[in-house]
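# Working through the structure, step by step
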Number of protein chains: 2
Amino acid sequence: MSKKGLLGQLIQSFCCLPGVGAKTAQRMVFYLLQRDRQGARRLAELLLLAIDNINHCPQCRTLTEDALCVICADPARDRGLVCIVENPADVWVVEQTAVFKGGYFVLHGRLSPLDGIGPDELGLDLLRQQLAAGQVKELILATNSTVEGEATAFFIGELARKHQVKATRIAHGVPMGGELEFTDSGTLSHAFNDRKVF
Amino acid sequence: MSKKGLLGQLIQSFCCLPGVGAKTAQRMVFYLLQRDRQGARRLAELLLLAIDNINHCPQCRTLTEDALCVICADPARDRGLVCIVENPADVWVVEQTAVFKGGYFVLHGRLSPLDGIGPDELGLDLLRQQLAAGQVKELILATNSTVEGEATAFFIGELARKHQVKATRIAHGVPMGGELEFTDSGTLSHAFNDRKVF
């Protein structure tokens, strides 16, 4: 059977999904066409709708279909408190804790000079404007705890200092419910250095 | 952030893919919207096209966008030799070996009375008609080597016998390049029972 037909093209197009290779793509396509054409149609239609309508929020840069995202549009949220995250997915994770009632600023990446990702790509100009406007009282740096994430946090921390805005970093240590035995040494040494009076 | 927006609906719609849960769906959606909108558009458009145009071949029941699938339409293929497989994906796998030059018959499942899958659901009426037409000389039973697959092979073998058509089963045994040490006992005992003069 030729791989050039519609079926072959469709399978190839599924390979653009993260973590999906030729075999998985084939399995997905056959499953959809044989078992769930209704679900497949819904997926395709929603995807087209999303591509055309979902853009970055002009204030926090997260993905949204509205002119201003739900969080930025909510008057109950404290815009004086801004949490810096790397990805829109991180916003969802923090929102699920329901403990944070401020706003966000999504970088869509982290500083990575080798990949050509500098301050401009992360929208730090927009952040600078927001800091200069004087409404922000505290930046919570919640970038990932990787080398690039830490460097990004440091860079933004400097930016905050220039604008006399307080910058804090979320705590890193042993996860809740985690056992010492299974904690890696990097995390553990960090937890010892950041110990608090009990 | 509300899960009810377009983004939430899109993520939920990705959960219809086999092996994709909420977390993976979220990752896929964010990846597509942030990194590969062009690939996402292509995927969605091809999927809609496939849903509307891909149907079962009236002769072998595999998935095809044409009136007759590529294999059935090929005059060079021997229609006297018919390979019975469970899924369209199996056709692809056999085609990749390039060793088989006959036709196929796709069951789209296997006999499974508990799931309400009987001979009618597998299109065995169509197969009976093809056997009665007298063109088929040999049925190669390539259903999977599971309990249901074997039962299905047995059932179709009986059907072939009724129409005086030769039925053969593909060989089962130790895979090529496989080591005895890592072969399961079921396969190994089958390999011993089916041993050939060397």
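Residues numbered from 1 in each chain as written. Chains lettered and ligands numbered in written order. Predicted model: local features only at pLDDT ≥ 70, side-chain atom pairs only at ≥ 80, totals over all residues. Heavy atoms only, no water.

### Examining the interface of chain A and chain B
Taken together, the contact pairs 57 residues of chain A with 57 residues of chain B. Carbon and sulfur atoms supply 72% of the area buried between chain A and chain B, which totals about 5,700 Å² over both sides. Our count for the chain A to chain B interface comes out at two salt bridges. Arg-41 of chain A is paired through a salt bridge with Asp-52 of chain B; the nearest N and O atoms lie 2.9 Å apart. Breaking the side of chain A that touches chain B down by element, the ones donating at least two residues are helix 1 (6-14), helix 2 (22-35), helix 3 (37-53) and helix 5 (88-97) of chain A. Broken down by element, the residue count for the side of chain A that touches chain B peaks at 16 residues, all from helix 3 of chain A. Tallied by class, the residues present in the side of chain A that touches chain B amount to 32 nonpolar, 14 polar and eleven charged. (Contact = heavy atoms within 4.5 Å. Buried area = accessible area lost by both parts, 1.4 Å probe. Salt bridge = Lys/Arg side-chain N within 4 Å of Asp/Glu carboxyl O. Helix = DSSP H or I, 4+ residues; strand = E, 2+ residues; numbered from the N terminus. Nonpolar A, V, L, I, M, F, W, Y, C, P; charged D, E, K, R; others polar.)

### Some remarks on the pairing of strand 3 (residues 78-85) of chain A
Residues and elements named next belong to chain A. Of all the eight residues making up strand 3, six are buried; the element is thus mostly covered by neighbouring parts of the structure. Two strands pair when backbone bridges link them, and strand 3 and strand 4 (residues 102-106) are joined in this way by five bridges, in the parallel orientation. Its bridge partner lying in strand 4, Cys-83 is registered against Tyr-104. For the crossover that starts at strand 3, traverses helix 5 and ends in the parallel strand 4, the hand is right-handed. For strand 3 and strand 5 (residues 138-141), the ladder comprises four bridges, and the chain directions are parallel. Residue pairing across strands places Val-82 opposite Leu-139, the latter belonging to strand 5. (Buried < 20%, exposed > 50% of the residue type's maximum accessible area, 1.4 Å probe, protein only. Pairing = 2+ DSSP bridges. Right-handed = clockwise from strand over helix to strand, strands pointing away.)

### So, the packing of helix 1 of chain A against helix 3 (residues 37-53) of chain B
Remark: helix 1 of chain A packs on helix 3 of chain B, axes separated minimally by 9 Å, with the N-to-C direction vectors making an angle of 145°. Crossing of helix 1 of chain A over helix 3 of chain B shows left-handed handedness. Here Leu-6, Gln-9, Leu-10, Ser-13 and Phe-14 of chain A of helix 1 of chain A lie close against helix 3 of chain B, whose contacting residues are Arg-42, Leu-43, Leu-46, Leu-47, Leu-49, Ala-50 and Asn-53 of chain B. Residue classes in the contact of helix 1 of chain A with helix 3 of chain B are distributed as eight nonpolar, three polar and one charged. (Axes fitted to C-alpha atoms, helices over the stretch in contact; angles between N-to-C directions. Left-handed = near helix turned anticlockwise from the far one by under 90°.)

### Description of unusual backbone geometry
Although it is not a glycine, His-108 of chain A sits at a positive phi angle of roughly 60°. Locating His-108 of chain A in the fold gives a position in the loop between strand 4 and helix 6 (124-132). A residue is classified by how much of its surface remains accessible, and His-108 of chain A, at 18% relative accessible area, is buried. Of note, Arg-61 of chain B is a non-glycine position whose phi angle comes to about 70°, a positive value. For Arg-61 of chain B, the location among the structural elements is in the loop between strand 1 (55-56) and strand 2 (63-64). We classify Arg-61 of chain B as buried; its relative accessible area is 14%.

### Thoughts on the nonpolar core
Phe-14, Leu-17 and Leu-47 of chain A together with Phe-14, Leu-17 and Leu-47 of chain B are the most contacted members of the largest nonpolar core, which totals 51 residues. At the level of secondary structure, the elements contributing two or more residues to this core comprise helix 1, helix 2 and helix 3 of chain A together with helix 1 (6-14), helix 2 (22-35), helix 3 and helix 5 (88-97) of chain B. When sequence neighbours within four positions are dropped, the list of residues in contact with Phe-14 of chain B reads Leu-17, Leu-43 and Leu-47 of chain A together with Val-20, Ala-25, Met-28, Val-29 and Leu-32 of chain B. (Core = buried A, V, L, I, M, F, W, Y, C linked by side-chain atoms within 4.5 Å.)

### Considerations on the environment of Ala-153 of chain B
Residue and element names in this part refer to chain B. Positionally, Ala-153 belongs in helix 7 (residues 147-162). Spatially, the C-alpha atoms of Ala-153 and Val-85 are 9.6 Å apart, while their sequence positions differ by 68 residues. Ala-153 has contacts with Leu-141, Thr-143 and Arg-169, leaving out every residue within four places of it along the chain.

### With respect to the sheet that holds strand 4 (residues 102-106) of chain B
Residues and elements named next belong to chain B. If you walk across this open sheet you meet the four strands as 4-3-5-6, and the pairing is parallel. Strands at the two margins of the open sheet, each flanked by one partner only, are strand 4 and strand 6 (166-169). Within the sheet, the average angular offset between the axes of one strand and its neighbour, ignoring direction, is 25°. Each of strand 3 (78-85) and strand 4 is contacted by helix 5, which is oriented at about 160° to strand 4, the strand it contacts most.

### Considerations on the domain arrangement of chain A
Assigned domains of chain A: these are domain 1 (6-53) and domain 2 (63-169). Between the C-alpha centres of domain 1 of chain A and domain 2 of chain A there is a distance of 33 Å. (Domains from an automatic or database assignment.)

### Here's the deal with the relation of the copies chain A and chain B
Laying chain A over chain B is done by rotating through 180° and shifting 0.0 Å along the axis; what remains is an RMSD of 0.1 Å. On the angle and the small slide along the axis, the relation comes out as a two-fold axis. When each C-alpha of chain A is compared by its distance to the rotation axis, Ala-44 of chain A comes out closest, at 2.1 Å. Taken together, the interface assignments show that 100% of the residues at the interface of chain A recur at the interface of chain B, consistent with an identical surface on both copies. (Least-squares fit on C-alpha atoms with pLDDT ≥ 70 in both.)

### Regarding the packing of aromatic side chains
One pass over the structure, following the stated rule, counts four aromatic pairs over all chains. Aromatic side chains Phe-30 of chain A and Trp-92 of chain B sit 5.9 Å apart centroid to centroid with 85° between the ring planes, which places their arrangement in the edge-to-face category. One end of the pair, Phe-30 of chain A, is in helix 2; the other, Trp-92 of chain B, is in helix 5, on a second chain. With a relative accessible area of 3%, Trp-92 of chain B lands in the buried category. (Phe/Tyr/Trp six-rings, centres within 6.5 Å; stacked < 30°, edge-to-face > 60°.)

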